[in-house]
Amino acid sequence: QVQLVESGGGLVQTGGSLRLSCAASGRTFSSYRMGWFRQAPGKERECVAVITRSGGGKYYADSVKGRFTISRDNAQNTVYLQMNSLKPEDTAVYYCAAGGDTMSVFTTAAGYWGQGTQVTVSS
C-alpha cells in the first residue's frame, strides 16, 4: 500500500509558476508509475502528466505540454510537478496518484490517490 500527500498548491497570477510535490510512504515507491491529475469544478478528472518507474519516460496531456514538467526522486519517494506559464484554465484541485504500467495520460485509472491540493490561477 502507498500513502500519498501533496503539497505546494496555492494562488498564483497568470503566467506564474508553482511546484507541486507528492511525498509517498510505504515500500516500493519505485515500482509504481506516478501521475498528476486535476479536476476543475464541474469538470471530469483528467490526467496531466505521467512518469515511468525509472523516470525515463514522461508523458503529458496536450493542454500542458511545454509548460509542465513531471519528475521523480526515487531515493526521496517524491514526485514533482513543475508548472510554468500558468493560465486561469489550469485552476483545479491537483491529485497525485500511483499506478501500474497501464497508467497513461489517456485514462484516469490509478491504484492510489492523494487528498489533492488546490491550484488557483488568477487572471
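Attention here is on the structure that accompanies the text. (Residues numbered from 1 in each chain as written. Predicted model: local features only at pLDDT ≥ 70, side-chain atom pairs only at ≥ 80, totals over all residues. Heavy atoms only, no water.)

## Let's talk about the overall build of the protein chain
Per the secondary structure count, the protein chain includes 0 helices and 11 strands. Scanning the protein chain from its N terminus toward the C terminus, one meets helices and strands in the order β-β-β-β-β-β-β-β-β-β-β. Taken against the 2.2 N^0.38 rule, which gives 14 Å for 123 residues, the C-alpha radius of gyration of the protein chain at 13 Å falls within 12% of a compact globule. Projected onto its principal axes, the C-alpha positions of the protein chain cover 40 × 25 × 25 Å. The buried share of the protein chain, reckoned over its 123 residues, is 46%. As displayed, the protein chain has an accessible area near 6,100 Å², and 47% of this comes from carbon and sulfur atoms. The centroid of the 12 positive side-chain charges in the protein chain is displaced by 5 Å from the centroid of its 8 negative side-chain charges. (Helix = DSSP H or I, 4+ residues; strand = E, 2+ residues; numbered from the N terminus. Rg over C-alpha atoms; globule rule 2.2 N^0.38 Å. Buried < 20%, exposed > 50% of the residue type's maximum accessible area, 1.4 Å probe, protein only. Areas by Shrake-Rupley, 256 points an atom, 1.4 Å probe, with all protein chains shown as cover. Lys, Arg positive; Asp, Glu negative; His and termini not counted. Charge placed at Lys NZ, Arg CZ, Asp CG, Glu CD.)

## Observations regarding the state of the cysteines
This structure, assessed with the given rule, holds 1 disulfide. The thiol sulfur of cysteine 47 is not disulfide-bonded, and the nearest other cysteine sulfur, from cysteine 96, lies at 11 Å. (Disulfide = S-S within 2.5 Å.)

## Regarding the pattern of salt bridges
Under the definition given, this model contains 5 salt bridges. The partner of glutamate 46 in a salt bridge is arginine 38, with the nearest N and O atoms 2.7 Å apart. For glutamate 46, a relative accessible area of 31% puts it in the partly exposed group. In this structure, lysine 65 engages aspartate 62 in a salt bridge whose closest nitrogen and oxygen atoms are separated by 3.1 Å. Judged by its relative accessible area of 65%, aspartate 62 is exposed. (Salt bridge = Lys/Arg side-chain N within 4 Å of Asp/Glu carboxyl O.)

## So, the packing of aromatic side chains
With the rule as written, the count across this model stands at 3 aromatic pairs. Between tyrosine 32 and tyrosine 112, the aromatic rings sit 5.8 Å apart at their centres with planes inclined by 90 degrees, giving edge-to-face as the arrangement. In this pair, tyrosine 32 sits in the loop between strand S3 (18-25) and strand S4 (33-39) while tyrosine 112 sits in strand S10 (residues 112-113), placing the two residues 80 residues apart along the sequence. Classification of tyrosine 112 by relative accessible area gives partly exposed; the value is 25%. Both rings, one in tyrosine 95 and one in tryptophan 113, keep their centres 6.4 Å apart while their planes meet at 85 degrees; by these two values the pair is edge-to-face. Here tyrosine 95, found in strand S9 (residues 92-99), pairs with tryptophan 113, found in strand S10; they are 18 residues apart in sequence, far enough to count as distant. A residue is classified by how much of its surface remains accessible, and tyrosine 95, at 14% relative accessible area, is buried. Its relative accessible area of 29% is what places tryptophan 113 among the partly exposed residues. The structure contains a cluster of three or more aromatic residues connected by ring pairs, namely Phe37, Tyr95 and Trp113. Over the ring of tyrosine 95 we find arginine 45; its NZ or CZ atom is 4.0 Å from the centre of that ring. (Phe/Tyr/Trp six-rings, centres within 6.5 Å; stacked < 30°, edge-to-face > 60°. Lys NZ or Arg CZ within 6 Å of the ring centre and 35° of its normal.)

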